[in-house]
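The chain contents come next:
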Amino acid sequence: LDAFVQDVDQRRYESWEALIAYCRLSAMPVGRFVLDVHGEDRAIWPLSDALCAALQVINHLQDCGKDYRTIDRVYVPTSNLEAAGIGVEALAEPKASTALRRVIHGLAEQTQQLLERSAPFASHIRDRRLSAEVSVIQRLAEDLCELLLTRDPLSEDVHHSKPRAAWLALGAILGNRRRA
């Protein structure tokens with residue numbers, strides 16, 4: 001509920017740290033709840049937190065232009081934009097400028113660091129189905145970060161096609177089975 005209230009009251013995030021603080025309210029509790037429902041050890045919460053935060057940030061980067069244009073909400077840290085010499089208005093353009101692309105790339109790289117932290121998460125989950133699902137989610141998130149490094153979210157699709165998602169999911173499930 002705190003995240004919903006924050007969404008109503010706050011339209012900008014100053015820094016990466018502020019964005020992660022928002023993820024602590026919005027995304028991380030979801031992962032923790034799923035782990036609790038499955039009776040998993042709370043010691044793996046930090047791995048879940050990293051994956052959930054990464055997923056939230058990926059979603060914000062994918063939709064950064066649309067979120068600005070339709071609801072005037074900017075999750076791209078304003079300090080990153082300012083450091084690049086641009087303002088939030090850059091998100092309204094039909095195509096990202098070189099400066100905005102650098103900002104998005106930097107945030108995608110920080111998100112990749114979260115995904116590196118969450119990489120062992122699936123192997124720590126006892127429930128085999130949940131472990132397989134987390135493997136798939138991790139792999140899809142890693143691939144979306146790669147897309148954010150090669151595509152412009154203002155002018156290009158930065159989402160998976162159904163065939164690509166299925167292919168990545170199959171590979172993740174097979175990899176999870178080998179590890180198990």
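Position labels on residues start from 1 in each chain and follow its written sequence. Per-residue local features of the predicted model are confined to residues with pLDDT of at least 70, and side-chain atom pairs are confined, for both listing and counting, to 80 or more; whole-chain, interface and lining totals are unaffected and use all residues. Excluding hydrogens and water, the side-chain values take into account all heavy atoms of the structure.

Draft legend 1. Here's a closer look at the side chain of Ser131. Numbering goes from the N terminus for both helices and strands, where a helix is a DSSP run of H or I of at least four residues and a strand is a run of E of at least two. Here Ser131 lies in helix H8 (residues 128–150). Beyond its immediate sequence surroundings of up to four residues, Ser131 is in contact with Ala122, Ser123, Ile125 and Asn176. Between two residues, a contact is recorded if the distance between any of their heavy atoms is within 4.5 Å.

Draft legend 2. Examining the pattern of salt bridges more closely. Definition used for salt bridges: Asp or Glu carboxyl oxygen within 4 Å of a side-chain nitrogen of Lys or Arg. Enumeration according to the criterion identifies 5 salt bridges in this entry. Asp72 is the salt-bridge partner of Arg12, the closest N and O atoms lying 2.8 Å from each other. Taken together, the residues Arg12 in the loop between helix H1 (2–9) and helix H2 (16–26) and Asp72 in the loop between helix H5 (64–71) and helix H6 (78–83) connect sequence positions 60 residues apart. Across the pair Arg164 and Asp143 runs a salt bridge whose closest N-O atoms are separated by 2.5 Å. Of the two residues, Arg164 sits in helix H9 (residues 162–179) while Asp143 sits in helix H8, which places them 21 residues apart along the sequence. Judged by relative accessible area, which is 38%, Arg164 ranks as partly exposed. Burial status follows relative accessibility: with a 1.4 Å probe on protein chains alone, a residue under 20% of its type maximum counts as buried, one over 50% as exposed, and anything between as partly exposed.

Draft legend 3. The packing of aromatic side chains, seen in detail. Ring pairs are drawn from Phe, Tyr and Trp, using the six-membered ring of Trp, whenever the two centres fall within 6.5 Å, and their geometry is named by plane angle: stacked under 30 degrees, edge-to-face over 60, tilted for the rest. Within this structure, the stated rule accounts for 3 aromatic pairs. With a centroid separation of 5.5 Å and 15° between ring planes, the pair formed by Tyr13 and Tyr75 is classed as stacked. Of the two residues, Tyr13 sits in the loop between H1 and H2 while Tyr75 sits in the loop between H5 and H6, which places them 62 residues apart along the sequence. Of the two residues, Tyr13 and Tyr75, neither departs from the other in class, the shared state being buried. The structure contains a cluster of three or more aromatic residues connected by ring pairs, namely Tyr13, Tyr22 and Tyr75.

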